[in-house]
Amino acid sequence: MTDHPTVRDRATKAAEAPSWVQVSYGAPPRDRGPERTGKVLGWVSVAALVALVAVAIGGTFAARDLAEKEAVNDAVSTSEVLAKSVITPELEDSLLEGDPKAIAKLDRVVGNTDAGVGGFAETTGIVRVKIWTADGLIVYSDEHRLIGKTFALGEEEREVLDKPMTRADISDLGEPENKFERRHGRMLEVYGPVLTPNDTPLLFETYRPYDVVQDRSALLWRGFAGVTISSLLFFTVLLLPIVWRLLDRLRRSQRQREELLERAVDASIEERRRIAGTLHDGVVQELAATSFTVAGAAARAEAHQDPGLAADLHGVAATLRSSIGGLRSLLVDIFPANLRTGGLADALADLAAPLRSRGIDVTLDLDQSEIDLDPEVERLVFRITQECLHNVRRHSGAQSVRIAWREQGEEMVLDVVDDGRGFDPADVLAKPREGHFGVRVLADVASAAGADLSVATAPGAGCHWRLRVPRR
């Protein structure tokens, strides 16, 4: 035979196995408003900083690429201006024959260190100039050792001569025609067409260290980064007051919600008191009088030797007494008079009575010491216990319940433990089913009163509610 856990074992499991989930906190929400606002503003600031860093990193790569393209375009534009305004007017047809005068004429505008002549190379950062024929013959270079040498032109260079345009590429320093530029490191070569006086097309090619491009790129990027980061910072500064106002409105809305909740709870208590008074002074008294009348009629029927009628009347009287008992139990559920007259312990005992009538084992562990409690605290404890026991009766399927009320330091602690089916607190708090707002009601009531409410439960592990109330 399989051993089944006892009721006490199940209650112990319900109390110890699941982890605690905080439902409401010890300080009322209105007291934590500035703290919550500060936290939210902190998170907004962190999010803005993360966005700033992400944009800065992403913008760095994008801006550097864009700035590098702009720097290359600047080099292309400079070469086009030199080709049209400086080189073309100085070209001679005799340059194709290696005429020294034509070469010297170009040296004066280009600049030649060996000849001690300065030119545009000194002001533009260009370190090498070459002029090619379509056959790959170098007819001019500021490095005279290249003049008269023939090298094969690449496809791109030939395309520039066929379809006039200016292009830029990273120079391949491994090619033999570039051996004198290798000492300068990585180079950017820009080439485009020029025409001699008799319209012979030549290829005008300039070389500049790529550091010039990178310096120009860095300059452009710093300007872009400065504008982007300052814009983001300005946007963040503008956003913070808006967030503050939204949080302030949210806090006021929360405060209004709490006030409405308190009014609703107070109105509910007053309405329960009115209904309980009406039932007690009206229907219950009338049924009690009717029960006494029927019982008297049954006694008279027995005296007149009419046992059948007497039995029927006794049955009616018993039914009336049962109905009166049910109504009185309902009155306790609606509004326990003992909360006002007999104190909290008697009121909690009254709440346990309806569960016992349904066969649920209820254990009361109530601190009977003389503790001067604020009436608001007593109503809170009663309201939480009442809602917990309603949940036990409606949803849990529990066989036993333990209600404990004790003093612990500067707090009063209420424990309501059952061995029912339990639930997933995270799911219930986040997405309560339609018409099932008991847990949220508990949370709102406790939070509005500044109490600390937590629950330890899991599917199949029972439920343990714990309320901590500061002594007032």
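This structure is a prediction, so every number in the text was calculated from the model and none was measured.

How each quantity is defined
- Residues numbered from 1 in each chain as written.
- Predicted model: local features only at pLDDT ≥ 70, side-chain atom pairs only at ≥ 80, totals over all residues.
- Heavy atoms only, no water.
- Disulfide = S-S within 2.5 Å.
- Buried < 20%, exposed > 50% of the residue type's maximum accessible area, 1.4 Å probe, protein only.
- Helix = DSSP H or I, 4+ residues; strand = E, 2+ residues; numbered from the N terminus.
- Expected span 1.5 Å × (residues − 1).
- Polar contact = N/O pair within 3.5 Å; in protein donor to acceptor, adjacent residues only side chain to side chain.
- Contact = heavy atoms within 4.5 Å.
- Core = buried A, V, L, I, M, F, W, Y, C linked by side-chain atoms within 4.5 Å.
- Pairing = 2+ DSSP bridges.
- Patch = residues over 30% accessible without salt bridge, like charges linked within 9 Å, V, L, I, M, F, W, Y side chains within 5 Å.
- Areas by Shrake-Rupley, 256 points an atom, 1.4 Å probe, with all protein chains shown as cover.
- Salt bridge = Lys/Arg side-chain N within 4 Å of Asp/Glu carboxyl O.
- pLDDT = per-residue confidence, 0-100.

## Focus: the state of the cysteines
Move 1: Counted by the stated rule, this structure contains zero disulfides.
Move 2: Of all cysteine sulfurs, the one in Cys463 lies closest to Cys388, which takes part in no disulfide; the gap is 7.0 Å.
Move 3: Here Cys388 falls in the buried class, since its relative accessible area comes to 2%.
Move 4: Among the residues examined, Cys463 registers a relative accessible area of 4% and is labelled buried.

## Looking at helix 9 (residues 344–357)
Move 1: With 14 residues, helix 9 should cover 20 Å at 1.5 Å per step; its first-to-last C-alpha distance of 21 Å lies within 8% of that length.
Move 2: Every buried residue belonging to helix 9 is among Leu344, Ala345, Ala347, Leu348, Leu351, Ala352, Pro354 and Leu355, and all of these are buried.
Move 3: With its phi angle positive at about 85 degrees, Gly359 sits one or two positions after the end of helix 9.

## Some words on the environment of Ile126
Move 1: Along the chain, Ile126 falls in the loop between helix 4 (120–124) and strand 2 (128–132).
Move 2: Sequence-wise, Ile126 and Ala75 are 51 residues apart; in three dimensions their C-alpha atoms are separated by 9.7 Å.

## Considering the side chain of Glu181
Move 1: Within the element layout of this structure, Glu181 appears in the loop between strand 4 (167–170) and strand 5 (187–195).
Move 2: On the basis of relative accessibility, which here comes to 0%, the residue Glu181 falls in the buried class.
Move 3: Of note is the side chain of Glu181, whose polar atom sits 2.7 Å from the side chain of Arg128.
Move 4: Those residues in contact with Glu181 that lie beyond four places of it in its chain are Arg128, Lys130, Leu146, Leu173, Met187 and Tyr207.

## Concerning the nonpolar core
Move 1: Core analysis: the largest hydrophobic core is formed by 34 residues, its most contacted members being Ile384, Val401, Leu414 and Leu467.
Move 2: Those elements giving two or more residues to this core turn out to be helix 9, strand 7 (361–366), helix 10 (375–396), strand 8 (400–408), strand 9 (411–418), helix 12 (438–448), strand 10 (452–457) and strand 11 (463–470).
Move 3: Among the elements that line this core, the one with the most residues is helix 10, at eight residues.
Move 4: Apart from residues lying up to four places away in sequence, Leu414 is in contact with Val381, Ile384, Thr385, Ile403, Ala404, Trp405, Trp465, Arg466 and Leu467.
Move 5: Ala83, Leu95, Val194 and Phe204 belong to the second largest nonpolar core, which has 17 residues in total.

## Overview of the pairing of strand 9
Move 1: Of all eight residues that make up strand 9, seven are buried, and the element is covered over most of its length.
Move 2: Relative to strand 9, strand 8 runs antiparallel, the two being bridged by eight bridges. Bridging from a neighbouring strand, Gln408 pairs with Glu411 of strand 9.
Move 3: The hairpin formed by strand 8 and strand 9 contains two residues between the paired strands, and Gly409 there has a positive phi angle of roughly 65 degrees.
Move 4: When strand 9 meets strand 11, the two strands line up antiparallel, connected through eight bridges. Residue pairing in the sheet places Glu411 in a bridge with Pro470 of strand 11.

## Side note on the side chain of Thr196
Move 1: Examined against the element boundaries, Thr196 turns out to sit in the loop between strand 5 and strand 6 (201–209).
Move 2: Within polar-contact distance, the side chain of Thr196 engages the side chain of Asp93 at 3.0 Å.
Move 3: From its side chain, Thr196 meets the backbone nitrogen of Thr200 in a polar contact 3.0 Å long.
Move 4: Setting aside anything within four residues of it in sequence, one finds Thr196 in contact with Leu91, Asp93 and Leu202.

## Examining a nonpolar patch on the surface
Move 1: On the surface, a nonpolar cluster with roughly 350 Å² of combined accessible area is contributed by Trp43, Val46 and Val50.
Move 2: With respect to the element layout, Trp43 can be found in helix 2 (residues 33–90).

## With respect to the confidence of the model for the protein
Move 1: For the protein, per-residue confidence averages 76 on the pLDDT scale, and 77% of positions sit at 70 or higher.
Move 2: Per-element confidence in the protein ranges from a low mean pLDDT of 45 for helix 1 (residues 7–16) to a high of 92 for strand 3 (residues 138–141).
Move 3: Note that residues 1–16 has pLDDT below 50 and, in this model, 20 contacts with residues that lie over four places away or in other chains.
Move 4: Residue range residues 27–32 is modelled with pLDDT below 50. Its contacts to residues more than four positions away, or to other chains, number 13 contacts.

## Focus: the environment of Thr319
Move 1: Mapped onto the fold, Thr319 is located in helix 7 (residues 307–334).
Move 2: Along the primary structure Thr319 and Ser291 are separated by 28 residues, whereas in three dimensions their C-alpha atoms are 8.7 Å apart.

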